[in-house]
Protein chains: 2
Amino acid sequence: MSVPRIVILGAGYGGLMAAKGLAKELNENEADITLVNQNGYHYITTKLHEPAAGTAHHDHARISIPSIIDSNRIKFVRDCVTGIHLDKKVVQLKNNDSLLYDYLVIGLGSVPETFGIRGLLENSYSIRNINSVRIIRQHMEYMFSRYALEKRQELITIVVGGAGFTGIEYVGELVDRMPELCHDYDIPLEKVRIINIEAAPSVLPGFDQELVDYAVKYLESKGVEFIVNTPIEECTEDGVILKGGREIKAATVVWTGGVRGNKLVEDSGIETMRGRAKVDRYLQAPGYDQIYVIGDCSLVFPDENSRPYPPTAQMSMQQGKYLGRELAKVVRGGKMEQPFEYKPKGTVASLGRKEAIGVVGDRKIIGGTAALIKKFIEIRWLFLLGGVSLVLRKGTL
Amino acid sequence: MSVPRIVILGAGYGGLMAAKGLAKELNENEADITLVNQNGYHYITTKLHEPAAGTAHHDHARISIPSIIDSNRIKFVRDCVTGIHLDKKVVQLKNNDSLLYDYLVIGLGSVPETFGIRGLLENSYSIRNINSVRIIRQHMEYMFSRYALEKRQELITIVVGGAGFTGIEYVGELVDRMPELCHDYDIPLEKVRIINIEAAPSVLPGFDQELVDYAVKYLESKGVEFIVNTPIEECTEDGVILKGGREIKAATVVWTGGVRGNKLVEDSGIETMRGRAKVDRYLQAPGYDQIYVIGDCSLVFPDENSRPYPPTAQMSMQQGKYLGRELAKVVRGGKMEQPFEYKPKGTVASLGRKEAIGVVGDRKIIGGTAALIKKFIEIRWLFLLGGVSLVLRKGTL
Ligand SMILES: Cc1cc2nc3c(=O)[nH]c(=O)nc-3n(C[C@H](O)[C@H](O)[C@H](O)COP(=O)(O)OP(=O)(O)OC[C@H]3O[C@@H](n4cnc5c(N)ncnc54)[C@H](O)[C@@H]3O)c2cc1C
Ligand SMILES: Cc1cc2nc3c(=O)[nH]c(=O)nc-3n(C[C@H](O)[C@H](O)[C@H](O)COP(=O)(O)OP(=O)(O)OC[C@H]3O[C@@H](n4cnc5c(N)ncnc54)[C@H](O)[C@@H]3O)c2cc1C
């Protein structure tokens, strides 16, 4: 007698929480659980700005998947998903055979949203995964290493496109890195330019004004230049061209301006907005039974008339946890009892290692306190993934 | 009453030994000693292959000049020499005023010899100084970081042109670095190609055959490919083209195939061969009084019918030491008593951190013993420069 097959695509925040939750709820006679991920490791997206700036080794931002799942309960397939065929209930893989499923959970994360900016994909980098941040760091250091000989300002000019959450965290990290980097390459610190460009009227759009002011003041005091209200129109080999025609020459351009859902979701035929599936209250893909979409691939609205929640790790985790509990009921022949409800716990943005700003509950926090809370949030994720032993192995304060 | 002005150009092995020797022999009423160098630091050329491969930080291969000279006796001018006017007894500097001298010591080191190979200067790197090795390392790492995404073999192919002393030492160091580098970028070690190309019929031309065999066997066991008897004909953006037309694609090409004297020597009107002054037995530039040329800028012959000694740190140091002693006599109104005589003490080439080959006196040494002796040679140089305290600060075993 065969048991239902649950296939989970992507070992990100959402996918891992779902897999671990299902494995806890269901025993082996009740379901086969397969987790597919293109790398053998999970990357801690919320830490990627650190290796991208070079303040931490990228190994601090990844965790071996086999080390944090119970291989008796979850079958891990390391492969790249190349297609999802909802009609045939088949997932196409690059190297292995395709997979058949009864229940499918899609948590494949996001890709950069270019907003049609010309040359962006070709000429800029983005903070997406371990591969991309290694390249950013090495590219930047290669440019800095050339400065002593070539003396061209653009070699030590870094443009960060987008002053949202990721952009600000990356800029904050760069500020921390520069003294050491400049020392290494005999560059006077004040020669380096870090320019953060934002199309919206303000840095950190949507954030509390007092906190935004704190962040801007702090980063400006470290030499960061902000250009707001100014969309980037084109990204070239030499730098960026802003609306109105102004050109900024920079050898390193990092784009953090926004994300859209993984293209595989759109390609599968699921209805999407910016590549993200407008899931129902039970996280089901609209029009499909037993297909669930979570994390950055999904779009959740607080209510009919509001803008959707932004894609965050926090949202992904709550969705994954929800599915672990509720999907188990469906697999057992029951049905989902409660609809998914997002409970925002707050947001903290780091400004380098020792500064941060944020809101927790309805309290604003800044400075060292906020930086500490940021660390606790990271440690909590490690704890959820691998218990105390993983915290001890990977946690840093 | 003004005292004679001695100007020493270059704080390399030769220049530093000369400056320190003269400062010891002569008191301040006897001579003004000025040392000119383009950087504020001396670089330990014999260690540069380590930061070039990334096995050591480049700070291990440089020493602040003010920290190792007595500023009461030697005036240090940090500037770039742009011209030497022998007729007017003037040295032209880039940023400061020009310098007048009565006695001039030229120890400006060497530049890569291209042997007319097309595209070499534009498309390859060379292990010359701190700037150049930082670039090599960062360039290589940037290429490796891109491999995981682009999967092009040339990104992780390194061509080293020249299998002389520097070439072999660099290849040995690369071999030591690769396991860590491959781990960092998730590259299977066996995919990396390190190809060492030599025009002469054998690796390490001129070295004892038994030692050469040992080196080749060791390096080949670590995956290095040797191509001998094959000149590089052209260096392109994509790699190198060998005589006969074979192309090897490589994103990183490092040229170690030979050096010539600093162009300033030739430009000053001194008679040169491959940019090196054919000095007389007292290290004087032919046809000029009170102009001395040492180190890689000079050419010394064992006797009339032999080939010149190769340019080495050992030769430079002995020349510098000689001048410190003998030039002092001339400055005091006497004359040089003994001609310069080079006393080769042996040669050791490292093959990474734990292996080496060499000849000391008439004994051949290999393996760990040779590696240890190599370290002692380095430590001796530190001791000569800055005594025990510098050895403790910079020495590594
Ligand atoms: C620098 C930065 C800082 C951030 N900081 C915060 C923060 O402080 N708080 C917060 O809440 N959010 C933060 N976010 C956002 C958060 O990281 C994302 O919302 C979250 O990672 C989304 O989780 P997910 O489960 O949808 O997918 P992800 O965590 O992105 O995981 C997707 C997984 O799918 C895999 N995958 C993708 N395509 C394929 C394929 N074709 N085949 C197989 N596997 C595939 C990927 O390798 C990856 O393992 C930050 C993001 C960035 C970039
Ligand atoms: C990787 C490597 C390994 C080596 N290993 C050995 C070894 O084991 N044993 C050995 O004996 N030899 C070795 N050599 C050779 C040795 O390093 C050289 O022969 C030696 O450095 C020459 O000394 P020098 O005094 O002539 O000049 P250098 O030591 O090259 O110093 C020249 C100085 O002049 C300065 N300078 C140059 N141009 C200007 C300018 N225009 N204005 C102002 N300053 C200027 C430079 O900055 C530098 O400080 C090695 C070389 C390399 C590259």
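Let us look at the structure shown here. (Residues numbered from 1 in each chain as written. Chains lettered and ligands numbered in written order. Predicted model: local features only at pLDDT ≥ 70, side-chain atom pairs only at ≥ 80, totals over all residues. Heavy atoms only, no water.)

### With respect to the pairing of strand E6 (residues 81-85) of chain A
Residues and elements named next belong to chain A. Two strands pair when backbone bridges link them, and E6 and strand E7 (residues 90-93) are joined in this way by four bridges, in the antiparallel orientation. Residue Ile84 lies in a different strand from E7, and its bridge partner there is Val91. Following E6, the chain reverses through four residues before pairing antiparallel with E7; Lys89 in that reversal takes a positive phi of roughly 55°. (Pairing = 2+ DSSP bridges. Helix = DSSP H or I, 4+ residues; strand = E, 2+ residues; numbered from the N terminus.)

### Description of the relation of the copies chain A and chain B
Rotating chain A by 180° and translating it 0.0 Å along the rotation axis places it on chain B, where the RMSD comes to 0.0 Å. The transformation just described matches what one would write down for a two-fold rotation axis. A symmetric contact is evident, with 100% of the interface residues of chain A recurring at the interface of chain B. (Least-squares fit on C-alpha atoms with pLDDT ≥ 70 in both. Contact = heavy atoms within 4.5 Å.)

### Describing the site of ligand 1
All names here are of chain A. With respect to spatial proximity, 32 residues lie near ligand 1, and among them Gly14, Asn37, Val81, Asp296 and Lys374 are the closest. Here a nitrogen atom of ligand 1 and a side-chain polar atom of Asn262 are 3.2 Å apart. Surface burial for ligand 1 is 92%, taken as the share of its 1000 Å² of free accessible area covered by protein chains. For the shell around ligand 1, the secondary structure elements donating two or more residues are helix H1 (13-25), helix H5 (165-184) and helix H8 (313-331). The residue makeup of the shell around ligand 1, split by class, is 11 nonpolar, 17 polar and four charged. (Near = heavy atom within 4 Å. Polar contact = N/O pair within 3.5 Å; in protein donor to acceptor, adjacent residues only side chain to side chain. Areas by Shrake-Rupley, 256 points an atom, 1.4 Å probe, with all protein chains shown as cover. Nonpolar A, V, L, I, M, F, W, Y, C, P; charged D, E, K, R; others polar.)

### Description of the sheet that holds strand E21 (residues 276-278) of chain B
All names here are of chain B. Pairing in this open sheet of three strands is mixed, and the strands run E20-E21-E23 from one edge to the other. The outermost strands of the open sheet, each flanked by one partner alone, are strand E20 (272-273) and strand E23 (298-299). Pairing of E21 with E23 involves two bridges; the strand directions are parallel. Bridge pairing in E23 links Lys278 to Leu299.

### Points about the interface of chain A and chain B
The partner chain B presents 21 residues to the 21 residues of chain A that form the contact. Both faces considered, chain A and chain B share a buried interface measuring about 1900 Å² in area, 48% of it formed by carbon and sulfur atoms. If you look at where chain A meets chain B, you find four salt bridges. Asp186 of chain B is paired through a salt bridge with Arg62 of chain A; the nearest N and O atoms lie 2.8 Å apart. (Buried area = accessible area lost by both parts, 1.4 Å probe. Salt bridge = Lys/Arg side-chain N within 4 Å of Asp/Glu carboxyl O.)

### Section: the environment of His57 of chain A
Considering the arrangement of structural elements, one finds His57 of chain A in the loop between helix H2 (49-53) and strand E4 (62-64). Taking C-alpha positions, His57 of chain A is 9.0 Å from Arg134 of chain A, a pair spaced 77 residues apart along the chain. Excluding residues within four positions of it along the chain, His57 of chain A makes contact with Pro51 of chain A together with Asp184 of chain B. Among the polar contacts listed, one links the side chain of His57 of chain A to the side chain of Asp184 of chain B, at a separation of 2.8 Å.

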